[in-house]
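Each chain, written out:
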Amino acid sequence: MQLDNLIINDLKPIHISDTIGDVKLMFSQLTYTHIPIKNGEIYIGCISETDAHCFESPIILSDITYSIEGFFVRDNSTWLDVLEAFAQNNSNVMPILDINNTYLGYYELNDVIGLFNETPFFAESGGVIIVEKSLNDYSFSEISQIVESNNAKIYGAFISQMVNDKVQLTVKIGQTGMNDVLQSFRRYGYNIVSGIEEDTYIENLKERSDYLNKYLDL
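Below, the structure is looked at part by part. Remember, predicted model here, so these are calculated numbers, not experimental data.

Secondary structure assignment for the chain yields eight helices and ten strands. Contacts in the chain between residues at least 24 apart in sequence constitute 59% of all its contacts with a sequence separation of at least 6.

If you want it as structure tokens, here you go:
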């Protein structure tokens, strides 16, 4: 996915010689969590709104450089790398530098998240299941084989949780053969954490349980 058309330049970096009062004024007019800072033409980092409100307005930014966060992405970073940078820095603004460390502008979080809507994981109709297996036993090749051996299409899969020696994987597949896919996952030792309404395995277990309870009550 190309990110070039998402670069924004309407937020000019504040200068290292400006005051916290200048920063607070900018934050009062924006909905951003951070504001970029430059020293001349050199990008220094960002200051967060939370940090800005911890200082008195007359203080100059150059006197509190320890509070400046130096995160950024390159103009050739992939959209997943950019999204990871957003998450790691708890920001909705991500400065962009080229190979010469020239400040080019920034990405806005909502724009990058919007790229998800263009992926088959969201755009294609299908079902989402969450499966679980031990960290040493799962593999994406096995997951693909399970899905495709049941004549279903896989639209995406990712690790959504990892706790101790257990891994949960979120998988989106086409609607064809969904129930067969679920039962195949069970045969391969996967636990179905979250499935779909047409999972007849669960329904059959429920029916057998109801029958057993009825028999025991006689």
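With that settled, consider the sheet that holds strand β3 (residues 42-48). The strands making up a sheet associate through backbone hydrogen bonding, with each pair oriented either parallel or antiparallel. An order of β1-β2-β3 is seen for the three strands of this open sheet, with the pairing classed as mixed. Since the sheet does not close on itself, it has two edges, and those belong to β1 (14-15) and β3, each with one partner. Sheet analysis places strand β2 (residues 34-39) next to β3, joined by six bridges and oriented antiparallel. Across the sheet, the residue bridging to Ile37 is Gly45, located in β3.

So, about helix α1 (residues 20-28). Ile20, Val23, Met26 and Phe27 are the residues of α1 that are buried. The buried residues of α1 occupy an angular sector of 120 degrees when projected down its axis, which confines them to one face. In the core, the buried residues of α1 are packed alongside β1, β2, β3 and α2 (49-52).

Another aspect to go through is the pairing of strand β5 (residues 93-97). Counting buried positions over the five residues of β5 gives five, a clear majority of the element. Residue alternation in β5 divides its side chains into two sets, Val93, Pro95 and Leu97 and Met94 and Ile96, and both sets are buried. Examined bridge by bridge, strand β4 (residues 73-74) and β5 share two bridges and lie parallel to one another. Counterpart to Arg74 in the pairing with β5 is Leu97. Bridge count between β5 and strand β6 (residues 103-108): five bridges; the pairing is antiparallel. Bridging from a neighbouring strand, Ile96 pairs with Gly105 of β6. The hairpin turn running from β5 into β6, its antiparallel successor, is five residues long, and Asn101 in that turn takes a positive phi close to 65 degrees.

Scoring rules and cut-offs
- Residues numbered from 1 in each chain as written.
- Predicted model: local features only at pLDDT ≥ 70, side-chain atom pairs only at ≥ 80, totals over all residues.
- Heavy atoms only, no water.
- Helix = DSSP H or I, 4+ residues; strand = E, 2+ residues; numbered from the N terminus.
- Contact = heavy atoms within 4.5 Å.
- Pairing = 2+ DSSP bridges.
- Buried < 20%, exposed > 50% of the residue type's maximum accessible area, 1.4 Å probe, protein only.
- Arc of directions from axis to C-beta.

By themselves these figures say nothing about function.
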